[in-house]
Amino acid sequence: MKNGKLAELIEKSPRTVFFGGAGVSTESGIPDFRSENGLFKALEKYGKSPEILLSRSFFDAHPEVFFDYYRENLLITDVEPNSAHLALARLEEKGKLSAVITQNIDGLHQKAGSSRVLELHGSIYRNYCMKCGRHYGIEKIKETTGIPRCECGGIIRPDVVLYEEIPPEDTFDQALDEVRNASLMIVGGTSLVVYPAANLLQYFRGTVVLINLSPTYYDSIADLVIHEPIGKVFSELDV
Ligand code: ZN
């Protein structure tokens, strides 16, 4: 079996944690706004990069433009989990995976059935009023146009970490605990350049598996490197 080595590492590991990035979701059809195409689309329509459009200072200055870009590029719900999401959920169910740590905001791990999901960059499914703190579901953003407003008049914003903002401390601390206590860390669909991915890896002392289509800076420190689509790798795991 092609990924027998990965299966063996998971089987032997007393505690495994998965850390995933955008590549996990692109195979479900969610475009990566950080990709070359994402950059091109943003520049063409807005004359600004995704990093600018999704920054806190831009949100504060031009919320209507922010929500236009956000609704079109990040608020994607008509997608299904792929083989990687499903295999990770089954591994958790079997007691072979302690947590999924993700940089994705699309909720696909929960949709696949994972229950311990640490969302470092938040989720499109959670939204709140910036003035009174009231929580709102995704509908409030999806079914409105322009700037979504709370009954109190405040702006409802997604509970998503924007550029210039720091990830929620409690979620990051939980992720750090998971990483410190794990013996095997599977990193998938990320080139590990986005904060805080690389930082988490620094705290890890066990076996590292990297699954990414293209080589990453960290390939040399990994115990196993797989340059294949992550959905394919997990579908071959047979879990
Ligand atoms: Zn309010």
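Now for a look at the structure at hand. (Residues numbered from 1 in each chain as written. Predicted model: local features only at pLDDT ≥ 70, side-chain atom pairs only at ≥ 80, totals over all residues. Heavy atoms only, no water.)

**A look at the overall build of the protein**
Point 1. The secondary structure content of the protein amounts to twelve helices and nine strands.
Point 2. Taken against the 2.2 N^0.38 rule, which gives 18 Å for 239 residues, the C-alpha radius of gyration of the protein at 18 Å falls within 12% of a compact globule.
Point 3. Dimensions of the protein, computed from the C-alpha atoms along their principal axes, are close to 55 × 35 × 30 Å.
Point 4. Within the protein, the proportion of its 239 residues that are buried is 53%.
Point 5. Working note: accessible area of the protein is about 11400 Å², and carbon and sulfur atoms make up 51% of it.
Point 6. Averaged over its 25 positive side-chain charges, the protein has a centre that lies 2 Å from the centre of its 33 negative ones. (Helix = DSSP H or I, 4+ residues; strand = E, 2+ residues; numbered from the N terminus. Rg over C-alpha atoms; globule rule 2.2 N^0.38 Å. Buried < 20%, exposed > 50% of the residue type's maximum accessible area, 1.4 Å probe, protein only. Areas by Shrake-Rupley, 256 points an atom, 1.4 Å probe, with all protein chains shown as cover. Lys, Arg positive; Asp, Glu negative; His and termini not counted. Charge placed at Lys NZ, Arg CZ, Asp CG, Glu CD.)

**Structural notes on the coordination of the zinc ion**
Point 1. Around the zinc ion, the protein contributes the donor atoms C129 (SG), C132 (SG), C150 (SG) and C152 (SG), which lie 2.3 Å from the metal centre.
Point 2. With four donor atoms in place around the zinc ion and angles of 100 to 119° between them, the coordination shape is tetrahedral. (Donors = N, O, S within 2.8 Å, 3.2 Å for Na, K, Ca; no water. Tetrahedral: all angles 85-135°; square planar, octahedral: opposite > 155°, others 65-115°.)

**Focus: the packing of helix α3 (residues 36-46) against helix α6 (residues 63-73)**
Packed helices, taken two at a time, are described by the angle their axes make and the gap between the axes.
Point 1. Two elements in contact, α3 and α6, have axes separated by 12 Å at closest approach and are oriented at 145°. Judged by the sense of rotation from one axis to the other, the crossing of α3 with α6 is right-handed. Judged by residue contacts, K41, A42, K45 and Y46 of α3 engage V65, D68, Y69, E72 and N73 from α6.
Point 2. For the contact of α3 with α6, a count of residues per class yields four nonpolar, one polar and four charged. (Axes fitted to C-alpha atoms, helices over the stretch in contact; angles between N-to-C directions. Left-handed = near helix turned anticlockwise from the far one by under 90°. Contact = heavy atoms within 4.5 Å. Nonpolar A, V, L, I, M, F, W, Y, C, P; charged D, E, K, R; others polar.)

**Focus: the pattern of salt bridges**
Point 1. Enumeration according to the criterion identifies 15 salt bridges in this entry.
Point 2. Among the ionic pairs, R56 bridges to E165, the shortest N-O distance being 2.9 Å. Taken together, the positions of R56 in helix α5 (residues 56-61) and E165 in the loop between β6 (156-160) and α10 (169-181) put the pair 109 residues apart, joining distant regions of the chain.
Point 3. Through salt bridges with shared partners, a single ionic network connects R56, D60, R157 and E165. (Salt bridge = Lys/Arg side-chain N within 4 Å of Asp/Glu carboxyl O.)

**Let's talk about the packing of aromatic side chains**
Point 1. With the rule as written, the count across this model stands at eight aromatic pairs.
Point 2. On the numbers, 5.6 Å between centres and 85° between planes, the contact of Y46 with Y69 is edge-to-face. A residue pair is termed long-range when its members are at least 10 positions apart, and Y46 in helix α3 and Y69 in helix α6 qualify at 23 residues.
Point 3. Residue class for Y69 comes out buried when judged on its relative accessible area of 1%.
Point 4. A ring pair is formed by F67 and Y70, whose centres lie 6.4 Å apart and whose planes are at 85°; its orientation type is edge-to-face. On the criterion of helical spacing, the pair formed by F67 and Y70 is a turn pair, its members being three residues apart in helix α6. (Phe/Tyr/Trp six-rings, centres within 6.5 Å; stacked < 30°, edge-to-face > 60°.)

**Some thoughts on the sheet that holds strand β5 (residues 135-136)**
Point 1. Spatial strand order, β5-β4-β6: three strands in an open sheet with antiparallel pairing. In the strand order of this sheet, the two ends are held by β5 and β6, each with one partner.
Point 2. Sheet topology note: the strand β4 (residues 122-129)/β5 ladder contains two bridges and is antiparallel. Bridge assignment links Y128 to a residue of β5, and that residue is H135.
Point 3. Its contacts with the sheet place α6 against β4 and β6, and it is angled at close to 50° to β6. (Pairing = 2+ DSSP bridges.)

**Comments concerning the nonpolar core**
Point 1. Of all hydrophobic cores here, the largest spans 24 residues; its most connected members are F66, F67, Y69, Y70, L74 and I124.
Point 2. Broken down by secondary-structure element, the contributors of at least two residues to this core are α3, α5, α6, β4 and β6.
Point 3. For this core, the element with the most residues is α6, which contributes four residues.
Point 4. Taken domain by domain, this core gets at least three of its residues from each of domain 2 (31-75) and domain 3 (124-160).
Point 5. Residue contacts for F66: discarding those within four places in its chain leaves L53, L54, F58, F59, P158 and L162. (Core = buried A, V, L, I, M, F, W, Y, C linked by side-chain atoms within 4.5 Å. Domains from an automatic or database assignment.)

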